[in-house]
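One-letter residues, chain by chain:
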Amino acid sequence: MKCMLQTGQLIAQHVECADTFLSRLQGLMFRRRLPPQTALLLDPCPQIHTCFMRFAIDVIFLDKENHVIAVLENLKPWRMSKFYARARRTLELPGGSLQRRVRIGDQLIFK
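To keep things clear, this report deals only with the structure shown in the data block.

## Quick word on the pairing of strand S3 (residues 14-18)
Thinking step 1. Pairing of S3 with strand S4 (residues 38-42), which is carried by five bridges, proceeds in the parallel orientation. Directly across from Ala-18, in S4, lies its bridge partner Leu-42.
Thinking step 2. Note on the crossover from S3 through helix H1 (residues 21-26) to S4: the handedness is right-handed.

As structure tokens, then:
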């Protein structure tokens, strides 16, 4: 699956889904890296942490219609995000992927 902004700009060429308790629990922990143009979609997920991770990530919190409600760039290992009550899902990408291209209110499209 791909992820794009509503404008058609590509965010991630390959999106992995973590939609079970165990897949969300594991997330990106213990991986050595997340390849460029790859993302992990956690659903449901209103808060994340980067404990046991080896690299920084960019994070997009989405509501139920995939509108962006928060963006965190270069979240380093051993950090925790705040809890976003309106967040339905979270997209995690390699740190430095977003470069301020995604803003609150944008809508993401998954194909």
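## A look at unusual backbone geometry
Thinking step 1. The amide bond that connects Asp-43 to the next residue, Pro-44, takes the cis arrangement and shows omega of -5°.
Thinking step 2. Examined against the element boundaries, Pro-44 turns out to sit in the loop between S4 and strand S5 (57-62).
Thinking step 3. With a phi close to 70°, Phe-30 is a non-glycine residue in the positive phi region.
Thinking step 4. Among the secondary structure elements, Phe-30 is positioned in the loop between H1 and S4.
Thinking step 5. Positive phi is not limited to glycine here, since Phe-52 has a value of about 65°.

## Here's the deal with the nonpolar core
Thinking step 1. With 17 residues, the main nonpolar core has Leu-28, Ile-48, Ile-57 and Phe-61 as its most contacted residues.
Thinking step 2. When contributions to this core are tallied by element, the ones reaching two or more residues are S4, S5 and strand S6 (68-75).
Thinking step 3. Those residues within four positions of Leu-28 in sequence are excluded, and the remaining contacts are Leu-34, Leu-40, Met-53, Phe-55, Ile-57 and Glu-92.
Thinking step 4. Counting residues in hydrophobic clusters, the runner-up holds 16 residues, among them Cys-3, Leu-5, Ala-39 and Leu-41.

## Side note on the layout of surface pockets
Thinking step 1. As a volume, the largest pocket reaches approximately 260 Å³.
Thinking step 2. Lining the largest pocket we find 16 residues, and of these Arg-24, Leu-25, Leu-42, Gln-47 and His-49 sit closest to its centre.
Thinking step 3. Top contributing element to the lining of the largest pocket by residue count: H1, with four residues.
Thinking step 4. The residue inventory of the lining of the largest pocket, partitioned by class, reads 10 nonpolar, four polar and two charged.

## Things to note about the packing of aromatic side chains
Thinking step 1. Considering all chains together, one arrives at three aromatic pairs under this definition.
Thinking step 2. Centre to centre, the rings of Phe-61 and Tyr-84 are 4.4 Å apart; their planes meet at 40°, and the pair counts as tilted. Residue Phe-61 is found in strand S5, and its partner Tyr-84 is found in the loop between S6 and strand S7 (89-94); the two are separated by 23 residues along the sequence. Accessibility assignment for this pair places Phe-61 and Tyr-84 in one class, buried.

## Overview of the pattern of salt bridges
Thinking step 1. Enumeration over the complete set of coordinates arrives at three salt bridges.
Thinking step 2. Across the pair Arg-88 and Asp-43 runs a salt bridge, and its minimum N-O distance is 2.9 Å. You can see Arg-88 sitting in the loop between S6 and S7 and its partner Asp-43 sitting in the loop between S4 and S5, a full 45 residues away along the chain.
Thinking step 3. Arg-88 sits in the partly exposed class, given a relative accessible area of 37%.

About the cut-offs
- Residues numbered from 1 in each chain as written.
- Predicted model: local features only at pLDDT ≥ 70, side-chain atom pairs only at ≥ 80, totals over all residues.
- Heavy atoms only, no water.
- Pairing = 2+ DSSP bridges.
- Helix = DSSP H or I, 4+ residues; strand = E, 2+ residues; numbered from the N terminus.
- Right-handed = clockwise from strand over helix to strand, strands pointing away.
- Core = buried A, V, L, I, M, F, W, Y, C linked by side-chain atoms within 4.5 Å.
- Buried < 20%, exposed > 50% of the residue type's maximum accessible area, 1.4 Å probe, protein only.
- Contact = heavy atoms within 4.5 Å.
- 1 Å grid on protein atoms, 1.4 Å probe; cavity = no way out; pocket = protein on both sides within 12 Å on 5 of 7 lines; lining within 4 Å.
- Points joined across faces, edges and corners; volume = space filled by probe spheres on them.
- Nonpolar A, V, L, I, M, F, W, Y, C, P; charged D, E, K, R; others polar.
- Phe/Tyr/Trp six-rings, centres within 6.5 Å; stacked < 30°, edge-to-face > 60°.
- Salt bridge = Lys/Arg side-chain N within 4 Å of Asp/Glu carboxyl O.

Bear in mind that shape data such as this cannot, by itself, settle questions of function.
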